[in-house]
Amino acid sequence: MDRRKALQRMVTGSATLFMVPTALAACGNTKKKSADNSQLTVNLADAANAPLKQQGGFVVTDNTIIINTAADGIIALSSICTHKGCTVEYDKTNKDILCPCHQSEFAFDGSVLQGPAVKPLPKYKVTRNGDTLTIDRS
Ligand code: FES
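These figures come from a predicted structure and were not determined experimentally.

Asks: Residue-level account of the overall build of the protein, with values.
Replies: The number of helices and strands found in the protein is one helix and ten strands. Expressed as a percentage of the 138 residues in the protein, the buried residues total 30%. Of all intrachain contacts in the protein linking residues separated by at least 6 positions in sequence, the fraction that spans at least 24 positions is 37%. Accessible surface for the protein amounts to roughly 9,100 Å². Of this, 53% is attributable to carbon and sulfur atoms.

Below you can see the structure in the form of structure tokens.
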């Protein structure tokens, strides 16, 4: 390898070393923006959300469980069990939120009714405008 080629390789290698962290930082920023998508909009007119029109109906979408309760109207909480991350469901019989993996139960305010989970489910603010629910997960 002559001196000129060796110098070119060094310059190219250096440029690559400087570009990699920049590219990684850019990826990190993109990920952060998508992870920061704290608002969820649910259209009640959509057939997939039809269960929410009846008391006792529920939908799980985008890591969120949305339940039409008799007492509290439509509520929304994280659907990720705080024990080991399974997806929770609404238990119509006991009128609470049940994790099918290890039977943790949560109240509508997210508090733990029965373990093994010890941390509550985060509860989200729900606002309704006609057929549109806006869930604030911030
Ligand atoms: S993952 Fe929910 S109780 Fe274990």
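Asks: For the sheet that holds strand E3 (residues 64–69), give the residues involved together with the corresponding values.
Replies: The strand order across the open sheet formed by six strands is E1-E10-E9-E4-E3-E2, and the pairing between neighbours is antiparallel. Strands at the two margins of the open sheet, each flanked by one partner only, are strand E1 (39–43) and strand E2 (58–61). Neighbouring strand axes in the sheet, compared pairwise and without regard to direction, differ in orientation by 25 degrees on average. In this sheet, E3 lies alongside E2 in antiparallel orientation, the contact comprising four bridges. Bridge pairing links Thr-61 to Thr-64 in E3.

Asks: Explain the nonpolar core residue by residue, including any values.
Replies: Counting 14 residues, the largest nonpolar core has Ile-67, Val-88, Ile-97 and Phe-106 as its most contacted members. In this structure, Leu-40, Val-42, Leu-44 and Val-59 belong to the second largest nonpolar core, which totals eleven residues.

Asks: Go over the sheet that holds strand E6 (residues 96–98), please, and point to the residues and values.
Replies: Taken together, four strands build an open sheet; the order of strands is E5-E6-E7-E8 and the sheet is antiparallel. The open sheet has two free edges, formed respectively by strand E5 (89–91) and strand E8 (112–114), since each of these has just one partner strand.

Asks: Help me get a handle on the pattern of salt bridges, residues and values and all.
Replies: Under the definition given, this model contains one salt bridge. Two residues, Arg-137 and Asp-62, come together in a salt bridge whose shortest N-O distance is 3.1 Å. Highlighted residues: Arg-137 in the segment after strand E10 (132–136) and Asp-62 in the loop between E2 and E3, separated in sequence by 75 residues. Given a relative accessible area of 18%, Arg-137 falls into the buried group. Taking the relative accessible area as the measure of exposure, Asp-62 reaches 42% and is therefore partly exposed.

Asks: Lay out the confidence of the model for the protein in plain terms, naming residues and giving numbers.
Replies: When pLDDT is averaged along the protein, the result is 80; 74% of the residues meet or exceed 70. Counting interchain partners and residues more than four positions distant, the pLDDT-below-50 stretch residues 10–35 has zero contacts.

Asks: An account of the side chain of Thr-64 is requested, with residue identities and associated values reported.
Replies: Tracing the chain through its elements places Thr-64 in strand E3. Given a relative accessible area of 0%, Thr-64 falls into the buried group. With residues near it in sequence (within four places) discarded, Thr-64 still touches Leu-40, Val-59, Ala-76, Leu-77, Ser-79, Tyr-124, Ile-135 and Arg-137.

Definitions and cut-offs
- Residues numbered from 1 in each chain as written.
- Predicted model: local features only at pLDDT ≥ 70, side-chain atom pairs only at ≥ 80, totals over all residues.
- Heavy atoms only, no water.
- Helix = DSSP H or I, 4+ residues; strand = E, 2+ residues; numbered from the N terminus.
- Buried < 20%, exposed > 50% of the residue type's maximum accessible area, 1.4 Å probe, protein only.
- Contact = heavy atoms within 4.5 Å.
- Areas by Shrake-Rupley, 256 points an atom, 1.4 Å probe, with all protein chains shown as cover.
- Pairing = 2+ DSSP bridges.
- Axes fitted to C-alpha atoms, helices over the stretch in contact; angles between N-to-C directions.
- Core = buried A, V, L, I, M, F, W, Y, C linked by side-chain atoms within 4.5 Å.
- Salt bridge = Lys/Arg side-chain N within 4 Å of Asp/Glu carboxyl O.
- pLDDT = per-residue confidence, 0-100.

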